[in-house]
Amino acid sequence: MAVSLNPIQIMKAEAEEERSETARLSSFVGAIAIGELVRSTLGPRGMDKILYAMGRNEGEIEVTNDGATILRNIGVDNPAAKVLVNISKSQDDEVGDGTTSVVVLASELLREAEKLVSGKLHPQTIIAGYRRATDVARKALDAAAVDHSADDDRFRSDLIKIAKTTLSSKILSQHKDFFAEMCVDAVLRLKGSGNLDAIKIIKKQGATLSDSFLDQGFILAKSIGVHQPKRIENAKILIANTPMDTDKVKVFGSKISVESTAQVAEIELAEKEKMKSKVEKILSHNINVFVNRQLIYNYPEQLFADAGIMAIEHTDFDGMERLALVTGGEIVSTFDNPELVKLGKCDLIEEVMIGEERMIRFSGVALGQACTIIVRGATQQILDEAERSLHDALCVLTQTVKEPRVVYGGGCCEVIMSRAIREAATQVAGKEVLAMEAFARALDMIPTIIADNAGYDSAYLLAALKAAHAREGGSSYGLNMDAGVVGCMDELGVTESFMVKRQVLITASEAAEMILRVDDILRAAPRKRSNDQSHC
């Protein structure tokens with residue numbers, strides 16, 4: 001009996017499989033490519049990227065150096081590259097900043113791992129060494145962190161330094177002192193709650209970034225109805241999501257036959273009476289302000305004006321949710337039970353001019369933490385990038401309020417961690433030492449890339465930084481990118497959140513470990529579209 005030597009096909013014809021070295025090489029190449037894409041944006045002198053939209057939004061552009069925004073808007077097909085995109089998104093969701101650092105560190109860990117694998121070191125040995133190095137680095141980071149939360153003045157100073165450091169790599173770097181104070185004031189109003197929904201950012205094109213300001217209240221980018229009061233004190237607010245147009249027969253395909261114009265007038269009168277009844281139900285709540293998610297047509301608007309009620313229409317859903325939060329009210333859709341409805345309250349509602357537009361300011365709201373940041377700028381791209389920068393700073397500050405420990409920036413932490421790993425490696429026997437040293441080299445790449453992006457001699461600066469840390473009292477030294485020298489980060493005020501640094505270290509290490517474990521990539525066969533055989 002003849003035995004066939006042809007390979008046995010197990011998977012479907014169009015399914016694909018990459019095995020062992022091929023799969024590992026594919027993972028390394030994809031992850032390193034993602035790191036190369038965003039590494040030029042790292043640091044205070046990092047470059048920006050232009051994202052040009054295709055498809056439905058073709059022609060729209062974004063100018064940004066935010067790692068999460070860049071990676072979110074590019075399409076990647078490589079599985080390992082998608083892992084790095086996901087960790088960038090996770091970093092953005094968890095702490096708001098460090099999205100570029102986490103991708104660059106993960107890609108450098110994989111670059112070092114590729115060299116070790118090509119030198120016949122088993123991936124599991126590399127993983128074991130990386131785990132041990134991560135533990136040592138985390139302990140070194142804990143030891144380097146300082147906590148000034150017991151002293152309010154020093155803690156506020158730390159928050160301002162963190163905000164400046166976060167904004168120094170953004171479009172707001174030229175105005176970082178101004179915006180750092182603004183962000184700290186906004187976050188301290190939260191009184192430790194960390195509820196960023198209480199801080200609203202409104203973008204208004206025109207003027208310059210330095211014309212932006214923080215308003216101690218909630219601002220709604222809408223206008224008040226015609227012939228209605230423009231200022232109300234001790235406001236009682238009903239927040240609703242209900243149709244306020246003239247009711248129509250909304251049954252699909254229905255028709256109404258009439259024999260004369262008088263019958264049409266009767267139908268219109270009936271519709272008006274129904275709307276008048278609805279407005280009377282709303283007024284029975286004993287309110288003086290009505291805010292609706294949907295449009296308010298002319299007739300109900302006139303009824304509200306006659307009753308002396310301020311009516312605000314067509315508020316976006318996000319704005320309504322925030323308004324309900326800060327005023328202490330609830331969004332309602334029916335008005336039959338006024339006693340069950342929770343009204344919003346505030347001390348003063350008035351119409352204000354911001355730029356060339358009229359807006360509504362809610363002052364003295366129930367949630368005293370509420371405030372609004374008005375961002376001005378010349379173009380929409382500048383406004384969008386400024387909003388992303390402020391969001392990053394606000395997220396980092398809220399995390400710092402919860403976890404008040406801080407560490408020094410400018411590559412200081414990375415050198416501290418890499419030194420600790422190298423010292424710990426001298427106490428380890430076996431091949432894991434090679435992986436630990438590789439981990440230390442990957443950490444050293446962060447200050448190297450920061451210096452390269454600023455156009456300085458990275459090899460010289462890294463050597464000088466390591467020498468400074470080797471001296472007694474040099475543990476606070478980092479890279480001064482304004483002068484291109486090594487300097488004391490404490491004196492320069494370059495401070496970062498401990499939470500961000502720890503998250504970058506752990507997330508990058510876990511992602512590198514996950515990709516290192518891969519030895520097989522399976523691509524499922526695409527589902528074929530079948531003809532619809534059903535009968536109509």
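Everything below is about the structure printed above this text.
Summary of the structure given here. (Residues numbered from 1 in each chain as written. Predicted model: local features only at pLDDT ≥ 70, side-chain atom pairs only at ≥ 80, totals over all residues. Heavy atoms only, no water.)

### Focus on the sheet that holds strand β14 (residues 371-377)
We apply this condition: A pair of strands is considered paired only if DSSP assigns at least 2 bridges between the two. Strands are runs of DSSP state E lasting at least two residues, helices are runs of H or I lasting at least four, and both sets are numbered from the N terminus onward. All axes here are fitted lines through C-alpha atoms, helices being fitted over the stretch that makes contact, and every angle between N-to-C directions spans 0 to 180 degrees.
Taken in spatial order, the three strands make up an open sheet running β5-β14-β6, and their pairing is mixed. The two strands at the open ends of the sheet, each matched to only one other strand, are β5 (199-205) and β6 (213-215). Here the strands of the sheet are splayed against their neighbours by 25° on average, with no regard to which way each runs. Pairing of β6 with β14 involves three bridges; the strand directions are antiparallel.

### Let's talk about unusual backbone geometry
Here is the rule: Burial here depends on accessible area, computed with a 1.4 Å probe over protein chains only, as a share of the maximum for the residue type. Under 20% is buried, over 50% is exposed, and the range in between is partly exposed.
Here the phi dihedral of H227 falls at roughly 60°; this positive angle occurs in a residue that is not glycine. Within the secondary structure, H227 sits in the loop between β7 (218-220) and β8 (231-240). For H227, a relative accessible area of 72% puts it in the exposed group. One non-glycine residue, N286, lies in the positive phi region at around 60°. Locating N286 in the fold gives a position in the loop between α8 (261-283) and β9 (289-292).

### Quick look at a nonpolar patch on the surface
Rule in force here: Grouping into patches uses exposed residues only, defined as over 30% relative accessible area, and leaves out salt-bridged ones; the cut-off is 9 Å for like charges and 5 Å for nonpolar side chains (Val, Leu, Ile, Met, Phe, Trp, Tyr). We get accessible surface area from the Shrake-Rupley algorithm with a probe of 1.4 Å; when it comes to residues, only the shown protein chains can shield them. When a carboxyl oxygen of Asp or Glu lies within 4 Å of a side-chain nitrogen of Lys or Arg, that pair is called a salt bridge.
A cluster of nonpolar side chains, contributed by I50, Y52, M54 and I61, occupies part of the molecular surface with about 450 Å² of accessible area. Assignment of secondary structure puts I50 in strand β2 (residues 49-52).

### Brief notes about the nonpolar core
One broad trend across soluble globular proteins is that nonpolar side chains are buried collectively. The line we're drawing: Throughout this description, the term nonpolar core refers to a set of buried Ala, Val, Leu, Ile, Met, Phe, Trp, Tyr and Cys residues connected via side-chain atoms within 4.5 Å.
Core analysis: the biggest nonpolar cluster contains 121 residues, and F362 and I373 have the highest contact counts within it. Of the residues forming this core, the biggest block, twelve residues, is contributed by helix α13 (residues 432-453). V279, I282, I287 and I309 belong to the second-largest nonpolar core, a separate cluster that totals 16 residues.

### Concerning the packing of helix α12 (residues 412-425) against helix α14 (residues 458-470)
Two packed helices can be described by the angle between their axes and the distance between those axes. Put simply, the rule is: With respect to orientation, any angle under 35 degrees is reported as roughly parallel, any angle over 145 as roughly antiparallel, any angle of 65 to 115 as roughly perpendicular, and every other angle as oblique. When the near helix sits turned anticlockwise from the far one by under a right angle, the crossing is termed left-handed; a clockwise turn instead gives a right-handed crossing. Residue contacts are defined here by distance: any two heavy atoms, one from each residue, within 4.5 Å place the two residues in contact. Gly falls in the polar group here, along with every residue not listed as nonpolar (Ala, Val, Leu, Ile, Met, Phe, Trp, Tyr, Cys, Pro) or charged (Asp, Glu, Lys, Arg).
Relative orientation of the contacting elements α12 and α14 amounts to 70°, with a least axis distance of 10 Å. What the angle tells us is that α12 and α14 run roughly perpendicular. Seen from above, α12 lies across α14 with right-handed handedness. Between α12, through C412, V415, I416, R419 and R422, and α14, the contact on the second element is made entirely by L465, K466, H469 and A470. Its residues assigned to classes, the contact of α12 with α14 shows five nonpolar, one polar and three charged.

### So, the environment of I237
Counting through the fold element by element, I237 comes out in strand β8. Between the C-alpha atom of I237 and that of K345, which follows or precedes it by 108 residues, the distance is 5.9 Å. For I237, the contacting residues outside a window of four places in its chain are V289, V291, T327, L343, G344, K345, C346, I349 and F362.

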